[in-house]
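Structural description and commentary
If you want the building blocks of each chain, they are given just below.
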Amino acid sequence: MHDLSVNDYLRQHIRTVPDWPAPGVQFRDITPLLQDPKVFRVLIDAFVHRYMERALRPDVVAGLDARGFIIGAVVAYELNVGFVPIRKKGKLPFTTVEETYELEYGSATVELHSDAVRPGDRVLLVDDLIATGGTMMAGKKLLEKLGATVMEGAAIVDLPELGGSARLRAGGLPLYTLVDFGGH
């Protein structure tokens, strides 16, 4: 890492794929962060060290389908707290609560097992990237339906030009992100 900040070090390992999944889109691919053991450890430690602080320590980590599972589960393990998945509709076998949110074209629904969190639980909500913020806001609402408090949303990448991080903060969700791809 030498003289690079953790944020710049991680940024160097995020691959940008032009025109995917559609022309004009600059896709931010986090898989290179996961492939290299040293980079993966730096990434996870950046989150773990923040949430080890007593004031920020969650009771449980919730991860958003699907890349939020990768980061969230490892962070939960390192913090010695439970992990709960927030899944796309139709993937969870037990009784669920659901939240539908709008997409650019149409809508999507996410679900959570009804016994995933308890009233009063402090939850850290994790995803890989914040774009429009729709999925993370739906996850927050789901957790709140069950009486939990979402103390913070965490993601590797923020794409501020898409407005999601501003919308989430305006909706009462503090955010912690590691790499900002503004103006790209």
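Heads up: these notes are all about the structure in this document. None of these values were measured; they are calculated from a predicted model. Every chain's residues receive numbers from 1 upward, in the order its sequence appears when written. Reporting in this predicted model follows two pLDDT cut-offs: at least 70 for local features of residues, and 80 or more for side-chain atom pairs to be given and counted; totals over whole chains, interfaces and linings ignore these cut-offs and use all residues. Neither water nor hydrogens contribute to the side-chain values; these are computed over all heavy atoms in the structure.

1. Topic: the sheet that holds strand β4 (residues 82-88)
The strand order across the open sheet built from seven strands is β5-β6-β4-β3-β7-β8-β9, with neighbouring strands paired in mixed fashion. Two strands in the sheet have a free side with no partner beyond their single neighbour: β5 (96-102) and β9 (175-180). Between one strand axis and the next, the sheet turns through 20° on average, direction left out of account. In this structure, β4 lies alongside strand β6 (residues 107-113), joined through two bridges in antiparallel fashion. Within β6, the position partnered with arginine 87 by the bridge is glutamate 111. Seen against the sheet, helix α4 (residues 67-79) touches β3 (60-64), β4, β7 (122-130) and β8 (149-158) and runs at an angle of roughly 170° to β4. Its contacts with the sheet put helix α5 (residues 134-145) on β3, β4, β5, β6, β7, β8 and β9, and the angle it makes with β5 is roughly 150°. Paired strands are those between which DSSP finds at least two bridges. Starting at the N terminus, helices and strands are each numbered in turn, a helix being any DSSP run of H or I of at least four residues and a strand any DSSP run of E of at least two. Between the N-to-C directions of two axes lies an angle of 0 to 180 degrees, each axis being a line fitted to C-alpha atoms and, for a helix, fitted only over the stretch in contact. By definition in these notes, contact holds between two residues if any of their heavy atoms fall within 4.5 Å.

2. A look at the nonpolar core
With 30 residues, the main nonpolar core has Leu10, Phe47 and Ile156 as its most contacted residues. Secondary-structure elements contributing two or more residues to this core are α1 (6-11), α3 (37-51), α4, β7, β8 and β9. The dominant element in this core, judged by the number of residues it contributes, is α3, at eight residues. Excluding its chain neighbours within four sequence positions, the residues that come into contact with leucine 10 are Leu33, Val39, Val42, Leu43, Leu178 and Val179. Side-chain atoms within 4.5 Å link the members of a nonpolar core, which is a set of buried Ala, Val, Leu, Ile, Met, Phe, Trp, Tyr and Cys residues. Only protein chains enter the area calculation, which uses a 1.4 Å probe; residues under 20% of their type maximum are buried, those over 50% are exposed, and those in between are partly exposed. Val84, Val97, Val110 and Leu146 belong to the second largest nonpolar core, which has 25 residues in total.

3. Brief notes about the pairing of β7
Within β7, eight of the nine residues are buried, which leaves it mostly tucked inside the rest of the structure. As paired elements, β3 and β7 share four bridges and run parallel to each other. In the strand pairing of β7, glycine 63 is matched with valine 126. In terms of strand pairing, β7 meets β8 through eight bridges, oriented parallel. Each residue of the ladder has a partner; that of leucine 129, found in β8, is valine 157. The crossover handedness rule: strands pointing away from the viewer, path from first strand over the helix to second strand clockwise, crossover right-handed. Of the crossover connections in this fold, the one passing from β7 over α5 to the parallel β8 is right-handed.

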